[in-house]
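Here are the chains, one letter per residue:
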Amino acid sequence: MTDRRRVVGGMFMLTVLGLVLFVPPVVGLFNRDVTFLGMPQIVFYLFTVWLLLIVGTVALTRHLPPDPVEREEEGEG
Amino acid sequence: MLSADFVIATSVAYVGLLFVLAYFGDRRAKANKRSWLNSPAVYTLSISVYCTSWTFYGAVGNAARSGLEFLTIYLGPTLVFVGWYFVLRRLVRISHLHRITSVADLLSSRFGKSSRLGVLVTCIAVIGIAPYIALQLKAVTSSIQAVAGASEFGRGSLTGIDDVGLALGVAAAMALFTILFGTRHVDAKEQHHGVVAAIAFEAVVKLAALVAVGVFVIYLGGGIEGIFSQAAEKGVVFDTSASFDSRWITTLVLSIAAIICLPRQFQVTVVENSNENHLRVAGWAFPAYMMLMSIFIIPIAVYGLTVMPDDANPDMFALTLPLSAGQNALALFAFIGGFSSATSMIILESIALSIMVSNHIMMPLVLKFGAAPQGGDGQGVSSVLLVARRFAIVLILSLGFFYFLFTRDSDALAPIGLISFTAIAQFLPALLAAIFWKDASLKAVTAAISVGFVIWAWSCFLPSLASVSPLVSTLLEEGPWGVLWLRPEAMFGLEGWDPLAHAAFWSLSINVLILTLGSLLTSPSALERIQATAFVDVFRRHGLPQRNFVPGSATANDLYFVAERVLGEKRAAALFEAAARERGVDPALLEPTPAFIGRLERELAGSIGASSAHVMLSKVVAGGDVSLEEMMQMADETQQVIEYSQQLEKTSAELRLTAHKLEEANAQLRELDSQKDEFLSQVSHEVRTPMTSIRSFSEILLEPAGLNEGQRQRFISTIHQESMRLTKLLDEILDLSALERGERTWQNEPVDAEDALNRAVSVCDALLRQRGMRVEFGERAHTTMVEGDADRLCQVFINLISNAVKYNDADQPVVHVSSSVRSGTYVVEVADNGPGIGKTERKLIFEKFWRGVSGAGDQGGAGLGLAISRQIIARMNGVLELVQGPLPGACFRVRLPVVGRES
């Protein structure tokens, strides 16, 4: 199924993207002495990325057809 | 107002509540009404056992001391769960299929069901987790002390009891509690529904408690902005400038490893998973839970730093902030939250570890010395296992307690947890290799884990004891025997690094290096290969690998005996009855098949681990690996089958050919039969015509009157002619049958064939003139001698020429005659420009009774001429055939061997 493979590809991309956004050098871009909504910019950035990862996972999982419950007899769909 | 006694009483009551929850959870599970227990929400909440008192207290302290670093502990697991489809789903599927009970079981099962690897992993896990247990004991102790210290009622019954005594009390209570909870029975799949229910409840409590404290702090501080501006006024800076160094990446990697490999995380995420689809929810819900847990940590830490005295322990801010604000109820709630996170971790971790210890250390010992006591209830192994697990729980908590005892002077919580993470991270390379890389081998994995563990012990565990042992601190300064490059915190001269990053870098990179290189250099055993394929291709292949065993080497009785010892009488009997029912035989007559033995082994593995199950069954079932002889035999059988099938193919091809020939012959016979019928009616007709005229003329002659002599004479001559025709027809038939039966013989002697041909042409001359035809002569041979009879040869030529004349209906009919001698053969060709002979008729023209289809009726022949001619020529060792001639019509060729040549 192309659809499923696309969604799985999206999940992989989201995971890698999350990793890249959480480690230097990207994370360093937002680590400046600026406050945003009363808190340091970097704190806001990390929690925003975190939230986006959660929302992204919800959206992608919605489009992923569930595995059949029968466990012992199935292959990858 | 809070007193220490009240807090302790509350804790005990809370534990009682948990016990009731667990009890009813188990009851529900047994009654199979697991509606809410078997939901993704409970599953997700049970995973949040990851958030221990390290999160509750330690993260606040960590945020206060080192800024953002605490976040990596949650960001790493977030990434793992966002990518749940790739690692966790695979782990869950494999574990369901192979009845995996722990990390040690997974690794030992994958690498050839090796019990040694299981022992190694178990030992490392037990030692590595000790600091983590100590952390929980320390957190609970500190929190009780914090409450007691702030209480105006004094220390109550705690008077005279120091940290150590308190911690010992907590550890003992926890051990008792865990034993009551987790080791009441040995489950088939090591799922503990009651415990999971209690853990899920605790997850809700700790989240609610931390959120309550957070909201309270934000309210107190006047919003987030207020908290930060107050802090700035007091000169407290939430420093993030140096957050993103090597330590950031190290803790991120360690937390990724921890969420997969920590025994309790593996237990709740993989082993307790009852439905793969629960991961779909946990994939986003668990990161969301962690985010909710950490969102208030920075405000609590910053506000605590701002308002609390400088000597206050930042780890306890979540508790001391409400206390100092006089909010006792909230403080009690916070205490229960912290207590929840500590107890849930200790319970699950010690259950998970005790399963590993009993399955991988105790069980092999029991098997080896065969000392399984046989209770009358048939629960021998089960009871041994339970005792082993209880013993293991006490052992694990004691280790934690002793670590606490040695390191109680260190005040921060988080670094202790990271020591455990680094130890557990040593399993990650092996685990990933186990499920993704088929070539990973047992030897390499064993070596990699051992070396990684040794480096961890040297560079991470040992330095944490520096404060209690002067020997260790000298070692840190100078290295062993003064070898500087072996200093635990500056190995190979790598100085100036953060100790944690240093230890993690060396242990993990050398671990990976040995694993990879070792796997490339060693070759795995047959069982390893089978397991590797089963694990790595879990989504690609259907079914499970089957064991080879010598048929008849084990009886159902032997197997039942083994199953009964491990599973108990009831379950063993149920298993065997189910198998017998499937096969439709009486349970007493059940013949063990490889499939059944595989199933039995998996059931046993669910109770005692894969390697122990393998060892147990191997004792009663002969066989195992495929021997060389078996392979040869299999190859031989295959060869035989191939040969046999080739022979069959050949035979069937022959049969097909024969059938085809028969069909052709049959068709020819049918054709001839119909020709014969036609001929017979033709002959009858031919015979009837002269017979009729003979009869009528003779009747006229018998009439005495009215005939003159002239008429009489004419009638008599007509009768004579008709009789002659009849005689000739009958002669031809007789002649042919005589020729065919070889009765009519003549002496073959050299005759002049050209002479015979000339004679034939001149005989036919009259016929030709009558038709107004002429003979075209082609090339002519000179006098040529052939073996034969001159008259018979002439007869053949006459027959051919007269046929060419008779059947020729062209406007200007021509007969072409040529003769020649080619390479010792005399060749005569008689061709005409008539209608020719149709393709279908070519085969039949030499048959008896055949007459040309078109105009056959007019020509009056009996259809025997060509058949007779062919017989004659065959007698002279020659050939008469139909060929493509120079004219459009038919062309007959006669070939006869030449005996002598006269030029």
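Since this is a predicted model, take the numbers as computed values, not measurements. (Residues numbered from 1 in each chain as written. Chains lettered and ligands numbered in written order. Predicted model: local features only at pLDDT ≥ 70, side-chain atom pairs only at ≥ 80, totals over all residues.)

**What to know about the overall build of chain A**
Argument step 1. What chain A contains, in helices and strands, is three helices and two strands.
Argument step 2. The secondary structure elements of chain A, listed N-terminal to C-terminal, are α-α-β-β-α.
Argument step 3. A burial count over chain A gives 17% of its 77 residues as buried. (Helix = DSSP H or I, 4+ residues; strand = E, 2+ residues; numbered from the N terminus. Buried ≥ 20, exposed ≤ 12 C-beta atoms within 10 Å, placed from the backbone.)

**Quick word on the overall build of chain B**
Argument step 1. Regarding its fold elements, chain B presents 33 helices and nine strands.
Argument step 2. Residues counted as buried form 46% of the 903 residues belonging to chain B.
Argument step 3. For chain B, the proportion of contacts with a sequence separation of at least 24, taken over those separated by at least 6, is 83%. (Contact = placed C-beta atoms within 7 Å.)

**Structural notes on the environment of Leu254 of chain B**
Residues and elements named next belong to chain B.
Argument step 1. Mapped onto the fold, Leu254 is located in helix H11 (residues 246-261).
Argument step 2. Residue Leu254 is classed as buried on the basis of its 26 C-beta neighbours within 10 Å.
Argument step 3. For the pair Leu254 and Ala425, spaced 171 residues apart in sequence, the C-alpha separation works out to 6.1 Å.
Argument step 4. Apart from the residues lying within four places of it in its own chain, the contact partners of Leu254 are Leu418, Phe421, Thr422, Ala425 and Ala504.

**A short note on the packing of helix H19 (residues 427-436) of chain B against helix H22 (residues 499-521) of chain B**
Residue and element names in this part refer to chain B.
Argument step 1. Two numbers describe how H19 lies on H22: the axes approach to 9 Å, and their chain directions differ by 30°. Two packed elements cross with a definite hand, and for H19 against H22 that hand is right-handed. From H19, Pro429, Ala430 and Ala433 reach across to H22, where they touch Asn511, Val512 and Leu515.
Argument step 2. Class assignment of the residues belonging to the contact of H19 with H22 gives a composition of five nonpolar, one polar and no charged. (Axes fitted to C-alpha atoms, helices over the stretch in contact; angles between N-to-C directions. Left-handed = near helix turned anticlockwise from the far one by under 90°. Nonpolar A, V, L, I, M, F, W, Y, C, P; charged D, E, K, R; others polar.)

**Thoughts on the nonpolar core**
All names here are of chain B.
Argument step 1. Grouped together as the largest cluster of nonpolar side chains are 226 residues, with contacts concentrated most on Leu107, Ala257, Cys261, Ile300, Ala318 and Val445.
Argument step 2. Residues in contact with Ala257, not counting those within four places in the same chain, are Phe421, Ile424, Ala425 and Leu428.
Argument step 3. Ranked by size, the runner-up nonpolar core spans 35 residues in total, among them Ala831, Leu866, Ala867 and Val894. (Core = buried A, V, L, I, M, F, W, Y, C linked by C-beta atoms within 7 Å.)

**Comments concerning the interface of chain B and chain A**
Argument step 1. Each partner contributes to the interface: chain B provides 33 residues, whereas chain A provides 36 residues.
Argument step 2. Going through the elements one at a time, helix H4 (72-82), helix H5 (88-98), helix H10 (223-233), H11 and helix H13 (278-295) of chain B are the ones with two or more residues in the side of chain B that touches chain A.
Argument step 3. Broken down by element, the residue count for the side of chain B that touches chain A peaks at seven residues, all from H13 of chain B.
Argument step 4. Its residues placed into classes, the side of chain B that touches chain A shows 21 nonpolar, eight polar and four charged.

**A few points about the environment of Phe404 of chain B**
Residue and element names in this part refer to chain B.
Argument step 1. In this fold, Phe404 is placed in helix H17 (residues 380-406).
Argument step 2. In this structure the C-alpha to C-alpha distance between Phe404 and Leu135, which are 269 residues apart in sequence, comes to 7.3 Å.
Argument step 3. Excluding its chain neighbours within four sequence positions, the residues that come into contact with Phe404 are Ala134, Leu137, Lys138 and Ala167.

**Digging into helix H16 (residues 328-369) of chain B**
Residues and elements named next belong to chain B.
Argument step 1. Along its 42 residues, H16 runs 58 Å from first to last C-alpha, staying within 8% of the 62 Å computed at 1.5 Å per residue.
Argument step 2. At Met362, H16 shows its maximal kink, close to 35°; a proline, Pro364, follows between one and four residues later.
Argument step 3. With 32 of its 42 residues buried, H16 lies for the most part within the structure. (Expected span 1.5 Å × (residues − 1). Bend = angle between axes of the 7 residues up to and from the residue.)

**Re the confidence of the model for chain B**
All names here are of chain B.
Argument step 1. For chain B, the mean per-residue pLDDT works out to 82, and 89% of the residues sit at or above 70.
Argument step 2. Segment residues 372-378: pLDDT under 50, and 13 contacts once partners within four positions in sequence are set aside and those in other chains are kept.
Argument step 3. Between residues 854-859, whose pLDDT stays under 50, and residues either more than four places distant or in other chains, the model counts four contacts.
Argument step 4. Across the assembled chains, the prediction reports ipTM 0.90 with pTM 0.67. (pLDDT = per-residue confidence, 0-100.)

**Quick look at the packing of helix H6 (residues 103-110) of chain B against H19 of chain B**
Residue and element names in this part refer to chain B.
Argument step 1. With their axes 10 Å apart at the nearest point, H6 and H19 run at an angle of 50° to one another. Taken as axis vectors, H6 and H19 run oblique relative to one another. As for the relative orientation of H6 and H19, their crossing is left-handed in sense. On the side of H6, the interface is formed by Val103, Leu106, Leu107 and Arg110, while H19 contributes Phe427, Ala430, Leu431 and Ala434.
Argument step 2. Residues belonging to the contact of H6 with H19 are distributed by class as follows: seven nonpolar, no polar and one charged. (Parallel < 35°, antiparallel > 145°, perpendicular 65-115°, else oblique.)

**Some remarks on H6 of chain B**
Argument step 1. Across the eight residues that make up H6 of chain B, a large majority, eight, are buried.
Argument step 2. If you check which residues of H6 of chain B are buried, you get Val103, Ala104, Asp105, Leu106, Leu107, Ser108, Ser109 and Arg110 of chain B.

**Digging into unusual backbone geometry**
Argument step 1. The omega torsion across Pro24 of chain A and Pro25 of chain A is 5°, close enough to zero to call that bond cis.
Argument step 2. Residue position: Pro25 of chain A is located in the loop between helix H1 (2-22) and helix H2 (26-29).
Argument step 3. Of note in the backbone geometry, Arg99 of chain B takes a positive phi value of approximately 50° without being a glycine.
Argument step 4. Along the chain, the position of Arg99 of chain B falls in the loop between H5 and H6.
Argument step 5. In this structure, Asn877 of chain B is a non-glycine residue whose phi angle is positive, near 60°.

**Considering the confidence of the model for chain A**
Residue and element names in this part refer to chain A.
Argument step 1. Model confidence for chain A is summarised by a mean pLDDT of 82, while 84% of its residues fall at 70 or above.
Argument step 2. Per-element mean pLDDT across chain A ranges from 78 in strand S1 (residues 35-36) up to 92 in helix H3 (residues 41-63).
Argument step 3. Between residues 70-77, whose pLDDT stays under 50, and residues either more than four places distant or in other chains, the model counts 13 contacts.

**Considering the environment of Met345 of chain B**
Residues and elements named next belong to chain B.
Argument step 1. Mapped onto the elements of the fold, Met345 is located in helix H16.
Argument step 2. Taking the C-alpha atoms as reference points, Met345 and Thr52, separated by 293 residues in sequence, lie 6.0 Å from one another.
Argument step 3. Not counting residues within four places of it along the chain, the set of residues in contact with Met345 comprises Val49, Thr52, Gln136 and Arg264.

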